[in-house]
Amino acid sequence: MTVNATATPAAAPPLPRLNDPARLRVRYVAEARFRIYGVVALAIALSFLVGLFASIISNGWSAFLQSNYELPVYLDPAEIDPDGKRDTSRFNLADYTAMARNAMAKSLGLPDKLDRATKRDLKGLLSRAVDVQIRDTVVADPDLIGKTVKIDLLAHGNVDSLLKGAIDRSIPEARRQLNDRQLQWIDKLVADGVLHKRFNTGLFTYGASSQPESSGLAVALIGSLFMMATVMVLAVPIGVAAAAYLEEFAPKNFLTDLIEVNINNLAAVPSIVFGLLGLAVFINFAGLPRSASLVGGLVLALMTLPTVIIATRAAIRAVPPSIREAALGVGASKMQTLFHHVLPLAFPGIMTGTIIGLVQALGETAPLLMIGMVAFVVDIPGSVMEPATALPVQIYMWATSAERGFVERTAGATIVLLAFLFVMNAAAVYLRRKFERTW
């Protein structure tokens, strides 16, 4: 007689308890550790950002102030217009620096006859631009010749640096830019109210200069404006049209896939490559003038085009297909659907991508250096074909200058550039929030 023994199944391992205190404690500790890592990373990033802005602002705020002398200058007719013919071409030959020096000597109570060392020290307190300042005053109103006129004249860069604390008075005279007698004169002029600091309008109205006190951003601002206008006129309509065609009309085949891949690759190409392309095509081949805003705008337009196309395609793709189907269902053509429904609904994304592309173009330096926009331009350009420079290039030029006054000019120009970038990014955020649609 056989007995059938039935095998008992092996016991299954117990399921882990979800509310096991030990497991919960480990999980909470891991979550807390990850949260700490995130906070530390964010704090490090913010500290670097705050340090950067603090450094720029601390070095650049003084660039918005400029030291000036308010001197009563005698416009000597024997020097300016000896013939009495009021010939403006003759006005350029006068020694206006000597008139400014004599006016300062009278303000300091110095004798009429000055020795050579005194003249040299007085001249060292005045900017080289005082010659142009007085001449422009005379040219603007020749009837002032023969009169004593109070004119605001620029102080020398060393005087400006001294008043802003950039020159240490305790340094021995032999190693200091200003000697002891000049320091005494400066103190007297400040006490008498002749030498004072005021808002530096010249930072926005002067062109390039070898002297920091008479250099400004006017040429760079106008050049950047011309270039951004060129980019908007070329890159925006071409980019939007290309994106609309690729997204709505182009057949999906190998060619369109190749175009899409190349557009994405162009967005990652180093900007200096576009500068080389502009140098070869627009300057060497097409014969356009170097340093012209038009050439800079064309180069930046090529660089911005992939960004505009990618952003526009993403914005068009985000419009629900039901919008297209409804428009086509009531008899609209594909063109009418695109212009009357799709593009208006994609407008916030298109504008955001366009502004981001413009912000990127505004901050570019390398491609502009390749096409010669690093030129020393004094006169403000009147058209896109005249020589100009751009804000980032001007910052680069000032940063490579050895004069002490250009250090604050560099930081001040950086503040101006950051202000433009902040405003443009804020406009992008505002437009996106104002016009965006939620589906």
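Just so we're clear, the structure is a prediction, and the values are computed from it rather than from any experiment.

Hey, could you go over the environment of Ala 346 for me, with residue numbers and the actual values?
Turning to its location among the elements, Ala 346 is positioned in helix H15 (residues 334-362). By relative accessible area, Ala 346 is classed as buried at 2%. Distance in space between the C-alpha atoms of Ala 346 and Arg 317 is 8.5 Å, their sequence separation being 29 residues. Ignoring sequence-local partners within four residues, the contact set of Ala 346 consists of Ala 315, Ile 316 and Val 319.

Describe the nonpolar core, listing the residues and the values that go with them.
Ranked by internal contacts, the top residues of the largest apolar core, which has 51 residues, are Leu 217, Met 227, Met 228, Val 231, Leu 300, Leu 368 and Ile 371. Apart from the residues lying within four places of it in its own chain, the contact partners of Leu 300 are Met 227, Met 228, Val 231, Ala 361, Glu 364, Pro 367 and Leu 368. Among the nonpolar cores identified, the runner-up in size contains 37 residues, and Met 99, Ile 151, Leu 183 and Ile 186 belong to it.

Which residues make up the environment of Ile 380, and what values go with them?
Among the secondary structure elements, Ile 380 is positioned in the loop between helix H16 (366-370) and helix H17 (391-399). Accessibility expressed as a relative area gives 45% for Ile 380, which makes it partly exposed. Spatially, the C-alpha atom of Ile 380 lies 22 Å from that of Ile 283, the residues being 97 residues apart in sequence. If sequence neighbours within four positions are ignored, Ile 380 has contacts with Thr 205, Ala 218, Val 219, Ile 222 and Glu 386.

Lay out the layout of surface pockets with the relevant residues and their values.
There is about 320 Å³ of room inside the largest pocket. Taken together, 18 residues form the lining of the largest pocket, with Ala 98, Met 99, Asn 102, Ala 103 and Lys 106 sitting closest to its centre. For the lining of the largest pocket, the leading source of residues is helix H4 (residues 96-107), giving seven residues. Taken together, the residues that form the lining of the largest pocket break down as 10 nonpolar, three polar and five charged.

Got a sec to walk through the pairing of strand E1 (residues 65-74)? Specific residues and values, please.
As paired strands, E1 and strand E3 (residues 195-199) are joined by five bridges and run antiparallel to one another. The residue of E3 that forms the bridge with Ser 67 is Lys 197.

So what about the packing of aromatic side chains? Which residues, and what values?
Under the counting rule described, the total for this entry stands at three aromatic pairs. An angle of 35° between the planes, with centres 6.3 Å apart, marks the rings of Phe 64 and Phe 204 as tilted. Taken together, the residues span a long stretch of sequence, with Phe 64 in the loop between helix H1 (21-60) and E1 and Phe 204 in helix H9 (residues 202-205) at a distance of 140 residues. Take Phe 204: its relative accessible area is 30%, and that puts it in the partly exposed class. Residues Trp 398 and Phe 406 carry aromatic rings whose centres are separated by 6.3 Å and whose planes lie at 35° to one another, so their mutual orientation is tilted.

Please give an account of a nonpolar patch on the surface that cites residues and values.
A cluster of nonpolar side chains, Leu 42, Leu 46, Leu 49, Leu 52, Phe 53, Ile 57 and Trp 61, forms an exposed patch at the surface whose accessible area comes to about 690 Å². As for its placement among the helices and strands, Leu 49 is situated in helix H1. Here Leu 49 falls in the partly exposed class, since its relative accessible area comes to 42%.

Conventions adopted
Residues numbered from 1 in each chain as written. Predicted model: local features only at pLDDT ≥ 70, side-chain atom pairs only at ≥ 80, totals over all residues. Heavy atoms only, no water. Helix = DSSP H or I, 4+ residues; strand = E, 2+ residues; numbered from the N terminus. Buried < 20%, exposed > 50% of the residue type's maximum accessible area, 1.4 Å probe, protein only. Contact = heavy atoms within 4.5 Å. Core = buried A, V, L, I, M, F, W, Y, C linked by side-chain atoms within 4.5 Å. 1 Å grid on protein atoms, 1.4 Å probe; cavity = no way out; pocket = protein on both sides within 12 Å on 5 of 7 lines; lining within 4 Å. Points joined across faces, edges and corners; volume = space filled by probe spheres on them. Nonpolar A, V, L, I, M, F, W, Y, C, P; charged D, E, K, R; others polar. Pairing = 2+ DSSP bridges. Phe/Tyr/Trp six-rings, centres within 6.5 Å; stacked < 30°, edge-to-face > 60°. Patch = residues over 30% accessible without salt bridge, like charges linked within 9 Å, V, L, I, M, F, W, Y side chains within 5 Å. Areas by Shrake-Rupley, 256 points an atom, 1.4 Å probe, with all protein chains shown as cover. Salt bridge = Lys/Arg side-chain N within 4 Å of Asp/Glu carboxyl O.

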